[in-house]
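Tertiary structure, described
What follows is each chain in one-letter form.
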Amino acid sequence: VVPVHLPRPAKVLSKWYQRRVREAVVSTQSTGCVAAKNELHKLLVADEVHGKKLENDELTTVRKNLQTQGVDVPYEIICKVWEKLYKLTFLNRALTSAQQCRKAFYHRNIACNAVECNDVVLFWRATRMLEITSNALRLQIMNTEAQRLEKEVKQYLEELSNDEVKKKKLITGKRVELAEELRRVRGIQDRLDMFIDELKKEQDL
């Protein structure tokens, strides 16, 4: 039996979307969005299987309730708040369902209670999608940086080939002089080794 592990990115994804909703509400700098969010939340609490679409009568009811509170929110803003709030609620419910599935697995009563674990698959797919996307972006960045570096190196070499002063500095620099000195020392050392070998041969004779 394969254990049911709830992927950690699932919680991260839910928290990330919660931040997005809060940022969207705060960015409007309007109490109307907060009031609309509270009214729409009541709809989701009353109907846990509410569809993705907000019906026209529900939209009208929400706006009238807001107007009775002294807050006039346009339909467009209510729809935008609903879209974000619905996605957040969907993620939270899916996360709760996945956690219940994990608990049921460890108690070995998935089959007995007919617990559905579709949300585990949902978060697994979301996690795989994020992993594949991040790997693709990483490869794209690496290829772009490699091409940029290759272009800069070629450009520098072309500039160097047309600059006699820089070429002269490279040829007559301290490192070049040190390399030449080392080459002469090695040559002398090789000749000494050959001379010593010849002496040994003569002594053996």
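See the structure printed just above.
The present account deals with the structure reproduced in this document. (Residues numbered from 1 in each chain as written. Predicted model: local features only at pLDDT ≥ 70, side-chain atom pairs only at ≥ 80, totals over all residues. Heavy atoms only, no water.)

A short note on the overall build of the protein chain
In terms of regular secondary structure, the protein chain is built from eight helices and zero strands. Order of helices (α) and strands (β) in the protein chain, N terminus to C terminus: α-α-α-α-α-α-α-α. Of all 205 residues assigned to the protein chain, the portion counted as buried reaches 22%. Contacts spanning at least 24 positions in sequence make up 67% of the contacts within the protein chain whose residues lie at least 6 apart. Of the roughly 16,200 Å² that the protein chain leaves accessible, carbon and sulfur atoms contribute 57%. (Helix = DSSP H or I, 4+ residues; strand = E, 2+ residues; numbered from the N terminus. Buried < 20%, exposed > 50% of the residue type's maximum accessible area, 1.4 Å probe, protein only. Contact = heavy atoms within 4.5 Å. Areas by Shrake-Rupley, 256 points an atom, 1.4 Å probe, with all protein chains shown as cover.)

Focus: the packing of helix H2 (residues 31–46) against helix H3 (residues 56–68)
One way to put it is that H2 packs onto H3 with a least axis distance of 10 Å and a crossing angle of 130 degrees. The angle between H2 and H3 places the two elements in the oblique class. Pair H2 / H3 crosses with right-handed handedness. Touching Ala35, Ala36, Glu39, Leu40 and Leu43 of H2 are Glu58, Val62, Asn65 and Leu66, all from H3. (Axes fitted to C-alpha atoms, helices over the stretch in contact; angles between N-to-C directions. Parallel < 35°, antiparallel > 145°, perpendicular 65-115°, else oblique. Left-handed = near helix turned anticlockwise from the far one by under 90°.)

Observations regarding the side chain of histidine 50
By the element assignment, histidine 50 lies in the loop between H2 and H3. The buried category is assigned to histidine 50, whose relative accessible area is 8%. A polar contact is formed between the side chain of histidine 50 and the side chain of glutamate 58, at a distance of 3.0 Å. Aside from chain neighbours lying at most four places away, what touches histidine 50 is Leu44, Glu58, Trp82 and Tyr86. (Polar contact = N/O pair within 3.5 Å; in protein donor to acceptor, adjacent residues only side chain to side chain.)

With respect to a nonpolar patch on the surface
Residues Leu149, Val153, Tyr156 and Leu157 make up a contiguous nonpolar surface patch of about 390 Å² in total accessible area. Mapped onto the secondary structure, tyrosine 156 falls in helix H6 (residues 118–161). The class of tyrosine 156 is partly exposed, set by a relative accessible area of 46%. (Patch = residues over 30% accessible without salt bridge, like charges linked within 9 Å, V, L, I, M, F, W, Y side chains within 5 Å. Salt bridge = Lys/Arg side-chain N within 4 Å of Asp/Glu carboxyl O.)

Some remarks on the environment of lysine 167
Here lysine 167 is to be found in helix H7 (residues 164–171). Lysine 167 gets classed as partly exposed once you look at its relative accessible area, which sits at 29%. Lysine 167 has contacts with Leu160 and Ser161, leaving out every residue within four places of it along the chain.

Regarding H2
When the terminal C-alpha atoms of H2 are compared, their 23 Å separation across 16 residues agrees well with the 22 Å that a helix rising 1.5 Å per residue should span. Along H2, the residues classified as buried are Gly32, Cys33, Ala35, Ala36, Glu39, Leu40 and Leu44. (Expected span 1.5 Å × (residues − 1).)

A word on a negative patch on the surface
A surface patch of negative charge is lined by Asp190, Asp193, Asp197, Glu198 and Glu202. Looking at the secondary structure, you find aspartate 193 in helix H8 (residues 174–204). Judged by relative accessible area, aspartate 193 falls into the partly exposed class, the value being 33%. (Lys, Arg positive; Asp, Glu negative; His and termini not counted. Charge placed at Lys NZ, Arg CZ, Asp CG, Glu CD.)

Some details on the pattern of salt bridges
Throughout the structure, instances matching the rule amount to nine salt bridges. With a closest N to O distance of 3.3 Å, arginine 128 and glutamate 131 form a salt bridge. Here the residue arginine 128 and the residue glutamate 131 both occupy positions in helix H6, the gap between them amounting to three residues, near one helical turn. Judged by relative accessible area, which is 37%, arginine 128 ranks as partly exposed. Owing to a relative accessible area of 37%, glutamate 131 belongs among the partly exposed residues under this scheme. Between glutamate 180 and arginine 183 there is a salt bridge whose closest N-O contact spans 2.9 Å.

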